[in-house]
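Residue-level structural notes
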Amino acid sequence: MSILENIPAPTSPARRNWLKAAGALAGLTLVAAPSGLVMAADAVKYGGDSMAGGVVDDTLVFLSIAADGIVTIVAHRSEMGQGIRTSLPMVAADELGADWAQVRVQQAPADEARYGSQDTDGSRSMRHSFRAMRHVGATARLMLETAAAVRWDVPVTEVKAANHAVVHAASGRSLSFGALAGEAARLPVPPRARISLKTAGELRYIGQSSTRGIDLHDIVTGNTHFGIDTRLDGMAYAVIARPPVFGGKLKSVDKTAALKVPGVLRIVELAGSPPPAMFNPLGGVAVIASNTWAAIKGREALVLEWEDGPNGGYDSKAFRKTLEAAVRQPASPARDQGKTVATLAAAPAARKFSAEYYLPHLAHATMEPPAATVRIADGKAEVWACVQAPQATRSNVAKALGLAYDDVTVHVTLLGGGFGRKSKPDFAVEAALLSKAMDGAPVKLTWTRDDDLQHDYLHTVSVERLEASLDAKGHPTAWLHRTAAPTITSTFASGANKQAPFELGMSAINVPYAIANIRVEVPEVPAHTRIGWFRSVSNIPHAFAIQSFTAELAHAAKRDHRDYLLALLGPARKINPADLSDGWNYGEDPAKYPVDIGRMRHVIELATAKAGWGRKLPKGRGLGLAVSYSFVTYVAAVIEVEINAAGEVIVPRVDIAMDCGPQINPDRVRSQIEGACIMGLSLAMSGEISFKNGRVEQSNFHDYAVLRAADAPRVIHTHLVPGTLDMELGGVGEPATPPIAPALCNAIFAATGKRIRALPVGMQLAKKA
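Numbers given to residues run from 1 along each chain, matching the order in which its sequence is written. The predicted origin of the model limits local features to residues at a pLDDT of at least 70 and limits the giving and counting of side-chain atom pairs to 80 or more, whereas totals for whole chains, interfaces and linings rest on all residues. As a rule here, side-chain values cover all heavy atoms of the structure and leave hydrogens and water aside.

Structural notes on empty space enclosed by the protein
Selection criterion: Of the grid points, spaced at 1 Å and generated over the protein atoms alone, those admitting a 1.4 Å probe that cannot get out make up cavities, while open sets with protein on both sides within 12 Å along at least five of seven lines make up pockets; any residue with an atom within 4 Å of a point is treated as lining. Grid points are joined across faces, edges and corners, and a volume is the space filled by probe spheres set on the points. Labels follow the DSSP assignment, with helices taken as runs of H or I lasting at least four residues and strands as runs of E lasting at least two, numbered in each case from the N terminus. Each residue receives one of three labels: charged for Asp, Glu, Lys and Arg, nonpolar for Ala, Val, Leu, Ile, Met, Phe, Trp, Tyr, Cys and Pro, and polar for the others, Gly being one of them.
One pass over the full model with this rule turns up five cavities of 30 Å³ or more. Within this model, the largest cavity holds a volume of roughly 170 Å³. Along the walls of the largest cavity sit 14 residues, with S507, P512, Q547, V627 and Y629 positioned nearest its centre. Among the elements of the structure, α16 (539-556) and β23 (621-630) are those that each provide at least two residues to the lining of the largest cavity. Of the volumes computed, that of the second largest cavity is approximately 100 Å³. Lining the second largest cavity, in full, are L359, P360, L362, I540, G680, L683, A684, G687, T737, P738, A741 and L759. With three residues, the top contributor of residues to the lining of the second largest cavity is helix α19 (residues 666-686). Broken down by class, the residue content of the lining of the second largest cavity amounts to nine nonpolar, three polar and no charged.

Structural data, given as structure tokens:
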């Protein structure tokens, strides 16, 4: 708490009581240190403690109370529609006993040392910060209660903070938070052992859906600040013509016509960076103007010639054949359980099954494309940007400008979508270089939709080959999975050509089926473009292939898909991820986060029960099922489809069951599930980025379609498995995406008898004239 007024005079009785209370609280000096137990130097760290910056739960860093009673809570994670600017402060407010109407939220600038890790990705913001923010609120509550007890000269156990006041029930006295703020602020922070968290029955906001989003009114009335909204005095506006091929560079430019466009101020050539891409600008030619439209028109007037470099021949159709060839040959195993190869070789041909599944590159296509504004003055830089990784933004801008880290300030705006794209702050670095070129004047760089689609850090392209042999009862005796995809690590290391353990740990090696012989092989394939994180990342191709192939095996065995899937999972049990060759486990402690087959079975049973699995449907309709374990959360989806006479796919209904442990803000959990469903359907139906001559062929939403309202499911039912506060939290933002594509395609098969093994579905069902 930062308010210092109302401190008792040094000689007053109240001051002496205040000093006695300070002694009772052990006289701690505040330090902003990571929370959690002290561990041996060589001990493995998990969860938030394993992240750069760790987890900070310092009350005086995150919470302050003004004399008028307004409580300000710092949000240290980026808001991109998932509601984290509401949910994390709400946790602290609930433990504090605050009235939400008197709570304000302040967005933290980039400062990893002060706030801990600020990376907003991996579906871990609440998972890693929930206990820390409870501690923040509970500590402040005890400090307020102690201040009131000192003033009233009563034991602190007789007073209680609730509904924005501290009450002494025995005497009927009460004091507002504002009246106590100054005295509480002067108290030492209580030792951790004295902090008690509320019971579930004492909580007012956590676990409820009644808390109004902190930005809701401003968003619907257009009074918020997204990255693209920044306006500063004397600001110039810029766009960049980048090399159309990754790794290419500028050969020549004629600026004559561009400089004649009204409003164009300056044209700046930017040097590119050789691969690996990391978070570096691609280079090119920037047009800086008095407004964005003038900059765009100036860019159109440039006469450019490029050298394409080594990726000039990248062609999606040819590369698909490369991937297919890779998965048809043996490769090094990432998991080798039992005698898979020998068992497959010995199986009768009639009992062996195989299938290949293809997923193209995908673009993030956030509604707000990347945008950043930078101003440099007196040797210091300020950045305003819609970024998911504030600390990476700060360090990369500092490096590009040759400034000290402490001389760069990053103001995090709201994000109009992120999905992992805005974890890569190349666009902020570009804006910084352009401000430098303008002698420090503020420059706002905007990526157009064309820029966004054609120069993205794309989701990888992949081919997944699965083979299995079945016994007489239809149960697999062996399971072989070869997964070929350019790796994200190619963005950071030259020559990286094999999926990393964290990518394989996303539904490939950790398939938890009760099969004696399982082998997962990983061929080497190169990357020809920037590959980056994406919502659900490698779970998307892996889950699509595995859940589609499972349905194919069920059909071959003449078994109901749900019953077959449950049989493959086997009885309820908890599996150490290491026993599945997964040493990553989303960075979480395997003792706290085993793979729980009972929870996985339950979401399948819940989703299918709610969807009416097995009910008779009219001709041309079908139900499809898929399940996924990702980001330590369990999700099952049942999708109902209708295929009309023209071969168009209609989705009347979707049922999704999720077990993510306790739901801290259930309304936001449901909205994230619904959003993941819409995104998953959009990607499955029409998502595709393709290359020819090294260039992305798509340029806008006319050829990279996103799901329109008319094509959205008529209804999405979300079914949340209740959790208790003593359970570990799972992720929410990403886990509902992976099962959508396979559930959709399994439903299409149920309706038509046609298997979809290559995405997008597109026109594969269209009736020929």
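Having seen it, we continue.
A look at the environment of D378
Selection criterion: Exposed residues in this analysis have more than 50% of their type's maximum accessible area, buried residues have under 20%, and partly exposed residues fall in between, with area computed by a 1.4 Å probe over protein chains only.
With respect to the helices, strands and loops of the structure, D378 is situated in the loop between β14 (371-377) and β15 (380-385). Among the residues examined, D378 registers a relative accessible area of 80% and is labelled exposed. In the structure, D378 is positioned 62 residues away from G440 in sequence and 9.0 Å away in space, judged by C-alpha atoms.

Here's the deal with the environment of Q118
Selection rule: Should any heavy atoms of two residues lie within 4.5 Å, those residues are considered in contact.
When you line up the elements, Q118 lands in the loop between α4 (112-115) and α5 (125-152). Look at Q118 and you get buried, because its relative accessible area is 0%. Expressed as a C-alpha distance, the spacing of Q118 and R77, which sit 41 residues apart in the sequence, is 5.3 Å. In this structure, Q118 is in contact with H76, R77, A108, P109, A110, D111, E112, Q388, P390 and Q391, ignoring residues within four places of it in sequence.

Regarding the packing of α5 against helix α6 (residues 177-185)
The criterion, for reference: The convention used is that axes are lines fitted to C-alpha atoms, helices contributing only their stretch in contact, and that angles between N-to-C directions extend from 0 to 180 degrees. What sets the label is the angle itself: under 35 degrees gives roughly parallel, over 145 gives roughly antiparallel, 65 to 115 gives roughly perpendicular, and the rest give oblique.
Running from N to C, α5 and α6 point in directions that differ by 90°, and their axes come no closer than 9 Å. The angle between α5 and α6 places the two elements in the roughly perpendicular class. Here α5 contributes M143, L144, A147, A148 and R151 to the contact with α6, which in turn contributes F177, A179, L180, A181, E183 and A184. Residue composition of the contact of α5 with α6, grouped by class: nine nonpolar, no polar and two charged.

As for the nonpolar core
Put simply, the rule reads: Among buried residues, those of type Ala, Val, Leu, Ile, Met, Phe, Trp, Tyr and Cys that are joined through side-chain atoms within 4.5 Å constitute a nonpolar core.
Counting 111 residues, the largest nonpolar core has W479, V641 and L744 as its most contacted members. For this core, the element with the most residues is α19, which contributes nine residues. Non-local contacts of V641, meaning those with residues more than four positions away in its chain, are made with G620, R621, G622, V649, I650, V651, P652, L744, A747, I748 and A751. In this structure, M90, M143, A161 and L203 belong to the second largest nonpolar core, which totals 46 residues.

Quick look at the side chain of N517
Definition in use: Pairs of N or O atoms are called polar contacts if they sit within 3.5 Å, as long as, within protein, a hydrogen donor faces a hydrogen acceptor (for residues adjacent in sequence, only side-chain-to-side-chain pairs).
Relative to the elements of secondary structure, N517 occurs in the loop between α15 (501-504) and β20 (518-521). Only 2.7 Å separates the side chain of N517 from the backbone nitrogen of K339, close enough to count as a polar contact. Among the polar contacts listed, one links the side chain of N517 to the side chain of T343, at a separation of 3.5 Å. The contact partners of N517, leaving out residues within four places of it in the chain, are Q337, G338, K339, T340, T343, T477, A478 and W479.

So, the sheet that holds β23
Going by this rule: Following DSSP output, two strands are said to pair if at least two bridges run between them.
Read across the open sheet, the four strands follow the order β23-β24-β25-β28; overall the sheet is mixed. Looking at the sheet topology across the chains shown, the edges are occupied by β23 and β28 (716-720). Here the strands of the sheet are splayed against their neighbours by 15° on average, with no regard to which way each runs. Of the strands in this sheet, β23, β24 (633-643), β25 (649-659) and β28 are in contact with helix α18 (residues 597-611), which crosses β25 at around 140°. Strands β24, β25 and β28 of the sheet are contacted by α19, whose axis makes an angle of about 130° with β28.

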